[in-house]
Amino acid sequence: MKAEIIKMTEDSIDKNSIQRAGELLKAGELVAFPTETVYGLGGNALNARASKKIYAAKGRPSDNPLIVHIADYEAIFDIVASIPKKAQLLAREFWPGPLTMILPKSAKVPLETTGGLGSVAVRFPSHKIARELIRAGGGYVAAPSANTSGRPSPTLASHVIEDLGEAIPMIIDGGQVGIGLESTIVDFTEEIPTVLRPGYISLEMLKSLLGEVILDRGLLKSNEPPKAPGMKYRHYAPKADLAIVEGDIPAVIAAINAYAARASMEGKQVGIIGTEETIGQYPTGIVKSIGSRKDEESIALHLYQVLREFDECRVSAIYSEAFYTPKMGQAIMNRLLKAAGHKVIKV
Ligand code: AMP
Ligand code: MG
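Description of the structure in this document. (Residues numbered from 1 in each chain as written. Chains lettered and ligands numbered in written order. Predicted model: local features only at pLDDT ≥ 70, side-chain atom pairs only at ≥ 80, totals over all residues. Heavy atoms only, no water.)

### Focus: the pattern of salt bridges
And then number 1: According to the stated counting rule, one finds 20 salt bridges in the structure shown.
And then number 2: As a salt-bridge pair, Glu182 and Arg335 come within 2.8 Å of each other at their nearest N and O atoms. Within this pair, whereas Glu182 is found in the loop between strand E8 (170–173) and strand E9 (184–187), its partner Arg335 is found in helix H10 (residues 329–339), the two being separated by 153 residues in sequence. Pair check on accessibility: Glu182 and Arg335 agree, each one buried.
And then number 3: Residue Asp241 pairs with Lys343 through a salt bridge whose shortest N-O separation is 3.7 Å. On the criterion of sequence distance, the pair formed by Asp241 in strand E12 (residues 241–246) and Lys343 in the loop between H10 and strand E16 (344–346) is long-range, its members being 102 residues apart.
And then number 4: Judged by its relative accessible area of 38%, Lys343 falls in the partly exposed class. (Salt bridge = Lys/Arg side-chain N within 4 Å of Asp/Glu carboxyl O. Helix = DSSP H or I, 4+ residues; strand = E, 2+ residues; numbered from the N terminus. Buried < 20%, exposed > 50% of the residue type's maximum accessible area, 1.4 Å probe, protein only.)

### Overview of the packing of aromatic side chains
Within a pair of aromatic rings, the relevant descriptors are the distance that separates the centres and the angle that separates the planes.
And then number 1: Within the structure shown, the criterion is met by 4 aromatic pairs.
And then number 2: Here Tyr259 and Tyr319 contribute two aromatic rings whose centre-to-centre distance is 4.9 Å and whose plane-to-plane angle is 15°, an arrangement assigned as stacked. You can see Tyr259 sitting in helix H8 (residues 249–265) and its partner Tyr319 sitting in strand E15 (residues 317–321), a full 60 residues away along the chain.
And then number 3: For Tyr259, a relative accessible area of 26% puts it in the partly exposed group.
And then number 4: Put simply, the rings of Tyr73, Phe77, Trp95 and Phe124 pair up and form one aromatic cluster. (Phe/Tyr/Trp six-rings, centres within 6.5 Å; stacked < 30°, edge-to-face > 60°.)

### Some words on the environment of Ile290
And then number 1: As for its position among the elements, Ile290 is in the loop between strand E14 (286–289) and helix H9 (296–312).
And then number 2: Its relative accessible area of 0% is what places Ile290 among the buried residues.
And then number 3: As a C-alpha pair, Ile290 and Gly280 span 10 residues in sequence and 13 Å in three-dimensional space.

### Some points on the packing of H9 against H10
And then number 1: Axis separation between H9 and H10 bottoms out at 10 Å; the angle between their running directions is 20°. Between H9 and H10, the angle is such that the two are roughly parallel. For the pair H9 and H10, the crossing hand works out as left-handed. In this structure, H9 uses Glu296, Ile299, Ala300, Leu303, Tyr304 and Leu307 to contact H10, whose residues at the interface are Gly329, Ile332, Arg335, Leu336 and Ala339.
And then number 2: For the contact of H9 with H10, a count of residues per class yields 8 nonpolar, 1 polar and 2 charged. (Axes fitted to C-alpha atoms, helices over the stretch in contact; angles between N-to-C directions. Parallel < 35°, antiparallel > 145°, perpendicular 65-115°, else oblique. Left-handed = near helix turned anticlockwise from the far one by under 90°. Contact = heavy atoms within 4.5 Å. Nonpolar A, V, L, I, M, F, W, Y, C, P; charged D, E, K, R; others polar.)

Spelled out as structure tokens, the structure:
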């Protein structure tokens, strides 16, 4: 199967194509589409067979539950058994937007969609193409990131085409996504709201609204089993060895240059992940800028893209600066540390 690629932008939505994409979803087929976080691989969330197709297309383990996307707030009442006050508060503040909430599920949601769990993950995205598609597809779209399992999440349609271009009937190309990291996940099935995955909506933003919010213990220690079933899987490992070099910037640059020089003397090719501010200071290796430290959102947006680009290069080792930026640092470093298998060199 070769995917039909349909281009559109949020400002000029091609209604006819959205209608056709919606018909595909209603018929139990899969459609990849842009959201404000990353590209999603959509299927009808209330159709167990469609969910199974998603797992098969991605090569994703079937105990790793899917997020159900809605396009109108009222739609949530059909798929959850209850919704606590604090969840309503978050919805009012951050929806539509990059926030996923875990709530007890209603009988309407098949266990195939929730990986066998009694709870369901719900998100109401802000991306206009995503919302139009969800409505056209019946209102409930299960959509994990549109990459094959084990690859970085797609931030451009070309990434989706690389991974799934032969596996699904349609890909909507809406250009580059806005944020570039997956949604923040907050679990409301616990006494205290718990962040299972950090994202654009930071812990501080959640706390300022809800008071007490905790981070899942699996996020704090790499040996603790995480509560979001998907977080236990080694998400993505670059083809080359990736190490994060952490410390004051001048010391980090010196250390990376020393590693790069040694590797190059041994005849190896090295990759370096720096920023606009530092890339001129790395004389050896293939050097890529992830963005600017003055604009942390640019760092989040390019992380997966840079990792994909290095998979295309013949490098045997990658050294990356650390990016503990004020707002999104927790989310950025969560993904980068996973990609590095938690290999950190402190200088
Ligand atoms: P992705 O689909 O790649 O964005 O990943 C979705 C994440 O949400 C995975 O880490 C899942 O384990 C997590 N998730 C989805 N549904 C639930 C749920 N009911 N309980 C806990 N975690 C969930
Ligand atoms: Mg994913």
